[in-house]
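Observations on chain architecture
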Amino acid sequence: MINLNFPQPVHDISNFFNHGQELKQAQDALRSGSKRLVIVVGEREIGKTSFQNVTMEWLRELNQPPYLVDIPMIGNIQTVDELALEILQGLFLATGQTFADMGFVQPEQLQTLTDPDIFRQMMLKGLPDPSQPIVIRIDEFDTILNPGHISQENIHQILSLVRHLVVAWKDIHVSLFLSMTYIPTPTEPAFWSAISGNTRVELFSIIGQLLQHAELIPLQPFDLDGVRNLVEGIFQGKAHLDGDALAELYSMGGGHPYVTKLILHNLVGLYGVERMEIVTANMVRHAVGEALQDRRMAFVFANIYQVHFTEDQKRVMLLLADRHKAISSGELLSHGENTVRAAEELTRRGYLQRNQQQWSVRAHFLHQWLGQWDLFKLELEKHNPGSQSTSRFDEGQHQ
């Protein structure tokens, strides 16, 4: 049976393909029994949640370490006491206890978790055996480090709590297993521009100390062999992409798991498994045409563009979508002094690729989508005044 798990994250390791080396790195770190800070870093929809899911399932099967705490998405958390409460609730759930069992008041009555010593005492009381290691998994941790939504004081308190957990407190054997789209290092100006005064100095120190203790696991788009492995794992011999079809899929998806699965999902929807014994490049192109109309995809990519790109990065992506071809560094510079730096950053993040002094989109599907987006012309005029948009992409047209 073909199981794409699309668009849901993967939970079963049998449906998780590639990243074997990264999985081993996380598994070895988290079952070591020592205090660790393990951070899975990668772009939106690159597979971080799936990576965390299968790692936690593997640890549960081993029962090592014995205490595993899963914290759900934390986007609504605004303060350190809210985060501390989520951790305590997860801990009590993992140990089969309640606040009442521990002699505590009900969660909504707790007003003192801002004090790290009180939180530490509650954790020690909630652990049947404090000498045993515990792994706390938090997905999308950087959503509560956004200075546009959370005060710098609260960010300082949240990161101070993380430092207490994985560095300072020696009597609680905690490993934090985080996923993040970005880490607020000094190279993240969007973060630091909103931080000022003594808080800025203190956060530099805290983040530097945490990174010294952190094991970073970056997730990148797949190469061609990785896409082949993904396809073979999903189809399990029930369908085969010929060489041209695989090349087309890789060109359109750029090795991004979400985009690749989106195209495969539409391929199965168009042709059905029984008609897909041999998949051709033309069939992949038809699936791309269908995928471009997928509303789920439109929401995801609009969010990536609007939230996760800087203004200069938007300018570069818009230019590439408008030109339908590679752009030289010289042409980029003519549209702003920071555009080449933006292109370099987009290349590091897996959105662009560079051939000598020519820049192009890594996943052609993305600039086809951008070129047909309802807001494309408005965005193009906003970020590149005077540009005249050419016709929208013909189906399958790419360089």
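Preceding block: the structure.
Here's what I pulled together on the structure shown here. (Residues numbered from 1 in each chain as written. Predicted model: local features only at pLDDT ≥ 70, side-chain atom pairs only at ≥ 80, totals over all residues. Heavy atoms only, no water.)

So, on to the pattern of salt bridges. Opposite charge on two side chains allows them to pair when their charged atoms are near. For the coordinates displayed, the defined rule picks out 16 salt bridges. Taking the shortest distance from any N to any O, the salt bridge between arginine 137 and aspartate 70 comes out at 2.9 Å. Separated by 67 residues along the polypeptide, arginine 137 in strand 3 (residues 134-138) and aspartate 70 in strand 2 (residues 67-71) bring together distant segments of the chain. On the basis of relative accessible area, arginine 137 is assigned to the buried category, the value being 6%. The partner of arginine 348 in a salt bridge is glutamate 345, and the shortest N-O contact between them spans 2.4 Å. With arginine 348 and glutamate 345 both in helix 15 (residues 339-348) and three residues apart, this pair spans about one turn of that helix. Exposure remark for glutamate 345: the relative accessible area of 25% places this residue in the partly exposed category. One network of salt bridges, with partners in common, ties together Glu57, Arg60, Asp70 and Arg137. (Salt bridge = Lys/Arg side-chain N within 4 Å of Asp/Glu carboxyl O. Helix = DSSP H or I, 4+ residues; strand = E, 2+ residues; numbered from the N terminus. Buried < 20%, exposed > 50% of the residue type's maximum accessible area, 1.4 Å probe, protein only.)

Strand order across the open sheet formed by three strands is 8-10-9, with antiparallel pairing between neighbours. Of all strands in the sheet, those bounded by a partner on one side alone are strand 8 (327-328) and strand 9 (352-355). Sheet topology note: the strand 8/strand 10 (residues 358-361) ladder contains two bridges and is antiparallel. Residue serine 328 lies in a different strand from strand 10, and its bridge partner there is glutamine 358. Seen against the sheet, helix 15 touches strand 9 and strand 10 and runs at an angle of roughly 110° to strand 9. (Pairing = 2+ DSSP bridges. Contact = heavy atoms within 4.5 Å. Axes fitted to C-alpha atoms, helices over the stretch in contact; angles between N-to-C directions.)

Attention now goes to the sheet that holds strand 3. Here five strands make up an open sheet; going across it, the order is 2-3-4-1-5 and the pairing parallel. The open sheet is flanked by strand 2 and strand 5 (214-218), the only strands paired with a single partner. Looking at each pair of strands side by side, their axes are set apart by 15° on average, direction ignored. When strand 2 meets strand 3, the two strands line up parallel, connected through five bridges. Bridge pairing in strand 3 links valine 69 to isoleucine 136.

Below, the discussion takes up the side chain of histidine 383. For histidine 383, the position within the fold is in helix 17 (residues 376-383). A polar side-chain atom of histidine 383 sits 2.6 Å from a polar atom in the side chain of glutamate 311. Setting aside its immediate chain neighbours within four residues, histidine 383 contacts Tyr305, Glu311, Lys314, Arg315 and Leu318. (Polar contact = N/O pair within 3.5 Å; in protein donor to acceptor, adjacent residues only side chain to side chain.)

Spacing of three or four residues puts side chains on the same side of an α-helix, whose turn is 3.6 residues. In this model, helix 3 (residues 80-94) (15 residues) spans 21 Å end to end at C-alpha, consistent with the 21 Å of a helix rising 1.5 Å per residue. All of the buried residues along helix 3 are Val80, Leu83, Ala84, Leu85, Ile87, Leu88, Gly90, Leu91 and Phe92. In the stretch just after helix 3, glycine 96 is the one whose phi turns positive, near 70°. (Expected span 1.5 Å × (residues − 1).)

Tracing the backbone through its elements, the reader meets tryptophan 359 in strand 10. Contacts of tryptophan 359, omitting those with residues within four sequence positions, involve Leu320, Ala326, Ile327, Ser328, Ser329, Leu332, Val340, Ala343, Glu344, Thr347, Gln353 and Arg354. Among the polar contacts made by the side chain of tryptophan 359, one reaches the side chain of serine 329 at a distance of 3.0 Å.

Note that soluble globular proteins tend to have their nonpolar side chains buried in a common cluster. Ranked by internal contacts, the top residues of the largest apolar core, which has 63 residues, are Phe235, Phe301 and Phe365. Per element, the largest residue contribution to this core is eight residues, and it comes from helix 10 (residues 257-271). For this core, the two domains that each supply at least three residues are domain 2 (224-293) and domain 3 (306-395). Those residues within four positions of phenylalanine 235 in sequence are excluded, and the remaining contacts are Ile2, Leu241, Leu264, Leu267, Val268 and Met276. Formed by 53 residues, the second largest nonpolar core is a distinct cluster that contains Leu85, Leu91, Met122 and Ile195. (Core = buried A, V, L, I, M, F, W, Y, C linked by side-chain atoms within 4.5 Å. Domains from an automatic or database assignment.)

This part is about the pairing of strand 10. By the bridge criterion, four bridges tie strand 9 to strand 10 in an arrangement that is antiparallel. By the bridge assignment for strand 10, leucine 352 is matched with valine 361. Count of turn residues in the strand 9/strand 10 antiparallel hairpin: two residues, of which glutamine 356 carries a positive phi of about 55°.

This paragraph deals with the packing of helix 5 (residues 152-168) against helix 7 (residues 197-213). With their axes 10 Å apart at the nearest point, helix 5 and helix 7 run at an angle of 30° to one another. With respect to their mutual orientation, helix 5 and helix 7 come out roughly parallel. Crossing angle aside, the handedness with which helix 5 passes helix 7 is left-handed. Contact residues: Gln152, Ile155, His156, Leu159, Ser160, Val162, Arg163, Val166 and Val167 in helix 5; Thr199, Glu202, Leu203, Ile206, Ile207, Gln209, Leu210 and His213 in helix 7. Here the contact of helix 5 with helix 7 is composed, by residue class, of nine nonpolar, six polar and two charged. (Parallel < 35°, antiparallel > 145°, perpendicular 65-115°, else oblique. Left-handed = near helix turned anticlockwise from the far one by under 90°. Nonpolar A, V, L, I, M, F, W, Y, C, P; charged D, E, K, R; others polar.)

Counted residue by residue, strand 4 (residues 174-180) has seven buried out of seven residues, so it is predominantly covered. Where burial is concerned, the two faces of strand 4 agree: the one with Val174, Leu176, Leu178 and Met180 and the one with Ser175, Phe177 and Ser179 are both buried. The pairing of strand 1 (residues 37-41) with strand 4 spans five bridges and is classified as parallel. Across the sheet, valine 41 pairs through a bridge with methionine 180, a residue of strand 4. Direction of pairing for strand 3 relative to strand 4: parallel, over a ladder of five bridges. For valine 135, the partnering residue across the bridge sits in strand 4 and is serine 175. In this fold, strand 3 hands off to helix 5, which returns the chain to strand 4; that crossover is right-handed. (Right-handed = clockwise from strand over helix to strand, strands pointing away.)

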